[in-house]
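Here are the chains, one letter per residue:
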Amino acid sequence: MVQNGFFYHNEKSNGGVTVPGITAENAQGGEEDLGNSKSDGSSISSSESEVNTSDADKGKDKLGGSSTEEVDAVHLKRRVGLFSGVALIVGTMIGSGIFVSPSGLLYRSESVATCLIIWGACGALSMLGALSYAELGTMITQSGAEYSYFLEAFGPMPAFLFCWVSTFLLKPSQLAIISLSFAKYTVEPFIVGCEPPDLVVKLVCAATIASITFINCYSVSLATKVQNIFTAAKLIAIFIIICGGIYMIALGNVSYLSTGFEPFDPSLSPTTFSDIATAFYSGLWAYDGWNNLNYVTEELKNPFVNLPRAIIIGLPLVTGCYILVNVAYLAVLSPIEMINSPAVAVTFGARALASWAWLMPLAVCVSTFGSANGTLFVGGRLSYVASREGHLVDILSYVHVRRLTPSPALLFNTLIALLMIIPGNIGSLIDFFSFTAWIFYGGCMAALILMRYTRPNAPRPYKVPIIMPIIVLIVSVYLVVAPIVEDPQIEYLYATMFILAGLIFYIPFIYYKVPVKCMGPVTAFLQYLLEVVPTKYE
């Protein structure tokens, strides 16, 4: 194995080290056929896992490369079907927000009708973005979403900066925040008369992250089943809310809904374009997660069909849920009560569900646990793909010898998330980094538009009208620039500096390939400890 530094560069293939006892025959079985072995029974050595340079060069012109299943090597299998794909999209989009704090958009829109229209418009815009991602995902077949698209369209540096921000901040912080919400609502029923102690909440949060990590490391099939079950459970909870709202409307409780475009608070100034834009910003964050299936394209069965199909099913479903849940809330609660409620679904349940009100805190727990599971699932794949391309340490691209799960990458994301729960209140910091997501969304739209001209003959099993990515690109630019122009704060500068700080690692270790020789023994030790083997991808 040639060690080029802290980050390994091996033309889309990981070298690995010779580990007696961890052999290719152990790794071929996976979950479905444990015990099956190759006849030669040879160990995975550095010479066997290297990719011939000329072969790698031949594959460079292949947009997206070939399927992992075409390579006779250890790799992640295609175990995510259409139903699981829909569950991953819906389950990560619908977190605790629609149950706890959907009123931010209502407050900024200043009227009931405007609020419901913006909820629908945000869903439509998210649909345009997701369908554009479907074209990218069926054209570039690697997992990793934005990372893989930037790599193909713009080269390694933008891809590395996306990986830097997402791997070390955005994905782990999302997991930490969602798990903290789960822990808070889990502990609250057992603490009467006061707020739950921070230490107890953090311990429950850590246990939750550890449980989710075990599930994902143990089996991909188990992780998708958990995602399917919890997504179905949260949709049942939403159905109960909607049914409760329909019942209250049938009783004639439409006084709040009938106000239409009238301001629900006469003391408020007339709605301005800036207010509408800010309301859109809040609504679009509620839809965040529509791109998550693109992180696992390599594991999706028949991705050329199931990727766009899952998006077409999942996005309208989430949009319908968001609109109908808000209608149900407004059939029971006034806009002012919604804005002032610390947990809107719990307040709604106490009013509309009577003895069944306990279902609402349970719904929040179910929703957050499912979202946390999906967040870790996709976050691990990003680290896995970036490592395979040489942008992270080599061990993160290894998979478990029998279970064929990317356990090192999952454990890496878990470790960062656990460190983030120590300070507890990281939400305020993340708010200033959240605008960076729209930099990356806009970048992907630019990549799609660019490759329409630079690679016009690339296979596109699914193709969207060019106006779709153009619209999303314009909105992305506005959502990045508007918060800084309207309310400039030093934290936005810190966020930008953090992004550019990735160049400190990119220039020496990726561009110039400065070696850090201690990584060889560390990789060998972790390979022994975790029972993982290198993977190939061409």
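Residues numbered from 1 in each chain as written. Predicted model: local features only at pLDDT ≥ 70, side-chain atom pairs only at ≥ 80, totals over all residues. Heavy atoms only, no water.

A. Examining the overall build of the chain more closely. In terms of helices and strands, the chain carries 22 helices and 2 strands. Looking at the chain residue by residue over its 538 residues, the buried ones come to 56%. Counting only contacts in the chain whose residues sit at least 6 apart along the sequence, the fraction spanning at least 24 positions is 84%. Counting every atom, the chain has about 21600 Å² of accessible surface; 67% of that belongs to carbon and sulfur. (Helix = DSSP H or I, 4+ residues; strand = E, 2+ residues; numbered from the N terminus. Buried < 20%, exposed > 50% of the residue type's maximum accessible area, 1.4 Å probe, protein only. Contact = heavy atoms within 4.5 Å. Areas by Shrake-Rupley, 256 points an atom, 1.4 Å probe, with all protein chains shown as cover.)

B. Main features of helix H4 (residues 82-93). For H4, built from 12 residues, the straight-helix expectation of 16 Å at 1.5 Å per residue is met to within 8% by its first-to-last C-alpha distance of 17 Å. With 10 of its 12 residues buried, H4 lies for the most part within the structure. Turning to H4, its buried residues are Ser84, Gly85, Val86, Ala87, Leu88, Ile89, Val90, Gly91, Thr92 and Met93. (Expected span 1.5 Å × (residues − 1).)

C. Representation of the pattern of salt bridges within the structure. Scanning the entire structure with this criterion turns up 8 salt bridges. Linking Glu135 and Arg452 is a salt bridge whose minimum nitrogen-to-oxygen distance equals 2.8 Å. Linking Glu135 in helix H7 (residues 112-139) with Arg452 in helix H19 (residues 435-454), this pair joins segments that are 317 residues apart in sequence. Assigned by exposure class, Glu135 and Arg452 land together as buried. Residue Glu531 pairs with Arg402 through a salt bridge whose shortest N-O separation is 2.7 Å. With Glu531 in the loop between helix H22 (519-530) and strand E2 (532-533) and Arg402 in the loop between strand E1 (399-400) and helix H17 (407-420), this pair connects stretches of sequence that are 129 residues apart. Given a relative accessible area of 29%, Glu531 falls into the partly exposed group. Where salt bridges share partners, they join Glu135, Arg452 and Arg460 into one cluster. (Salt bridge = Lys/Arg side-chain N within 4 Å of Asp/Glu carboxyl O.)

D. Just empty space enclosed by the protein, in detail. The tally for this structure, following the rule as stated, stands at 1 cavity of 30 Å³ or more. For the largest cavity, the calculated volume is near 60 Å³. For the largest cavity, the full set of lining residues is Val80, Ser84, Leu88, Ala223, Thr224, Gln227, Asn228, Asn373 and Phe377. Within the residue set of the lining of the largest cavity, elements represented by two or more residues are H4, helix H11 (220-250) and helix H16 (359-388). Counting residues per element, the lining of the largest cavity draws most heavily on H11, which supplies 4 residues. Across the lining of the largest cavity, the residue classes break down as 4 nonpolar, 5 polar and no charged. (1 Å grid on protein atoms, 1.4 Å probe; cavity = no way out; pocket = protein on both sides within 12 Å on 5 of 7 lines; lining within 4 Å. Points joined across faces, edges and corners; volume = space filled by probe spheres on them. Nonpolar A, V, L, I, M, F, W, Y, C, P; charged D, E, K, R; others polar.)

E. Looking closely at a nonpolar patch on the surface. Side chains of Ile466, Ile467, Ile470, Ile471 and Ile474 sit close together on the surface and give an oily, nonpolar patch of about 390 Å² of accessible area. Within the element layout of this structure, Ile471 appears in helix H20 (residues 467-486). (Patch = residues over 30% accessible without salt bridge, like charges linked within 9 Å, V, L, I, M, F, W, Y side chains within 5 Å.)

F. Focus on the packing of aromatic side chains. Scanning all chains against the criterion turns up 25 aromatic pairs. A centroid spacing of 5.2 Å and a plane angle of 25 degrees characterise the contact between Trp164 and Phe498, whose relative ring orientation is stacked. With a gap of 334 residues between them, Trp164 in helix H9 (residues 156-187) and Phe498 in helix H21 (residues 490-511) connect regions that are remote in the sequence. Of the aromatic side chains, those joined through ring pairs into one cluster are Tyr133, Tyr149, Trp285, Trp290, Trp438 and Tyr441. Across from the ring centre of Tyr185, 5.2 Å away, lies the NZ or CZ of Lys184, which sits over that ring. Above the face of the Phe377 ring, Arg381 is positioned so that its terminal group lies 4.0 Å from the ring centre. (Phe/Tyr/Trp six-rings, centres within 6.5 Å; stacked < 30°, edge-to-face > 60°. Lys NZ or Arg CZ within 6 Å of the ring centre and 35° of its normal.)

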